Amino acid sequence: MGNKTAPRHALRARRQRRGRKKLDGTTERPRLAVYRSNNNISVQVIDDSKGVTLCSASTYEPAVKGDGGTGTVAAASKVGQLIGERAKAAGVETVVFDRGGNRYHGRIAAVADAAREAGLEF
């Protein structure tokens, strides 16, 4: 399974590398990469074939930061809504969801659900 004595961040990095082997963002279907810290969340739409970030959103932005806490499910939903709108404006319809080694739960799921409601397809 995993080495229980290893630090959590090392185990998450292993899961992230394992998932990255299977996920690859292309021009037709870029990768929606999510990074979660204790206090913030940031999301990018990345075209791995060109090595370009097409759009991004995070809780560091004043539009999200001013409405209360940044480490909440509500803030993650706002970030998901923003990334969905920005991706549609950049011409992206479908993406590959890269949860970054985190569980699909809580803030990660809130970002994905809000992006789907904004019109992105996974």
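Above this text sits the structure in question.
Cut-offs and rules
Residues numbered from 1 in each chain as written. Predicted model: local features only at pLDDT ≥ 70, side-chain atom pairs only at ≥ 80, totals over all residues. Heavy atoms only, no water. Helix = DSSP H or I, 4+ residues; strand = E, 2+ residues; numbered from the N terminus. Expected span 1.5 Å × (residues − 1). Contact = heavy atoms within 4.5 Å. 1 Å grid on protein atoms, 1.4 Å probe; cavity = no way out; pocket = protein on both sides within 12 Å on 5 of 7 lines; lining within 4 Å. Points joined across faces, edges and corners; volume = space filled by probe spheres on them. Nonpolar A, V, L, I, M, F, W, Y, C, P; charged D, E, K, R; others polar. Core = buried A, V, L, I, M, F, W, Y, C linked by side-chain atoms within 4.5 Å. Buried < 20%, exposed > 50% of the residue type's maximum accessible area, 1.4 Å probe, protein only. Salt bridge = Lys/Arg side-chain N within 4 Å of Asp/Glu carboxyl O.

Novice: Looking at this structure, how should I read helix H3 (residues 73-89)?
Specialist: Note: α-helices contain 3.6 residues per turn, so residues at a spacing of three or four share the same orientation. With 17 residues, H3 should cover 24 Å at 1.5 Å per step; its first-to-last C-alpha distance of 24 Å lies within 8% of that length. Where H3 is buried, its residues touch strand S1 (31-36), strand S2 (41-47), strand S3 (52-58), helix H2 (62-65) and helix H4 (107-117). Gly91, located one to two residues past H3, shows a positive phi value of around 90°.

Novice: Help me understand the layout of surface pockets, please; the structure alone is not making it clear to me.
Specialist: Over the atoms, a rolling probe the size of a water molecule traces out where space has been left empty. Of the pockets and cavities examined, the largest pocket occupies roughly 390 Å³. Arg8, His9, Leu11, Arg12, Arg15, Arg36, Ser37, Asn38, Arg99, Gly101, Asn102 and Arg103 are the residues that line the largest pocket. Counting residues per element, the lining of the largest pocket draws most heavily on helix H1 (residues 8-22), which supplies five residues. Tallied by class, the residues present in the lining of the largest pocket amount to one nonpolar, five polar and six charged.

Novice: Could you clarify how one ought to interpret the nonpolar core in this entry?
Specialist: By size, the foremost hydrophobic cluster in this structure holds 23 residues, and its most contacted members are Leu32, Val34, Ile41, Val43, Val45 and Ile83. Broken down by element, this core gets its largest block of residues, six residues, from H3. Setting aside residues no more than four positions away along its own chain, Val45 makes contact with Pro30, Arg31, Leu32, Val52, Thr53, Leu54, Cys55, Ile83, Ala87, Val92 and Val95.

Novice: Help me understand the pattern of salt bridges, please; the structure alone is not making it clear to me.
Specialist: Going through the model one piece at a time under the given rule, you end up with five salt bridges. The residue Glu61 makes a salt bridge to Arg86 at a minimum N-O spacing of 2.9 Å. On the criterion of sequence distance, the pair formed by Glu61 in the loop between S3 and H2 and Arg86 in helix H3 is long-range, its members being 25 residues apart. What makes Glu61 buried here is its relative accessible area of 19%. Look at Arg86 and you get partly exposed, because its relative accessible area is 31%. When the shortest N-O distance is used, the salt bridge between Lys88 and Glu93 registers 2.9 Å. Taking the relative accessible area as the measure of exposure, Lys88 reaches 32% and is therefore partly exposed. Through salt bridges with shared partners, a single ionic network connects Arg31, Asp48 and Asp98.

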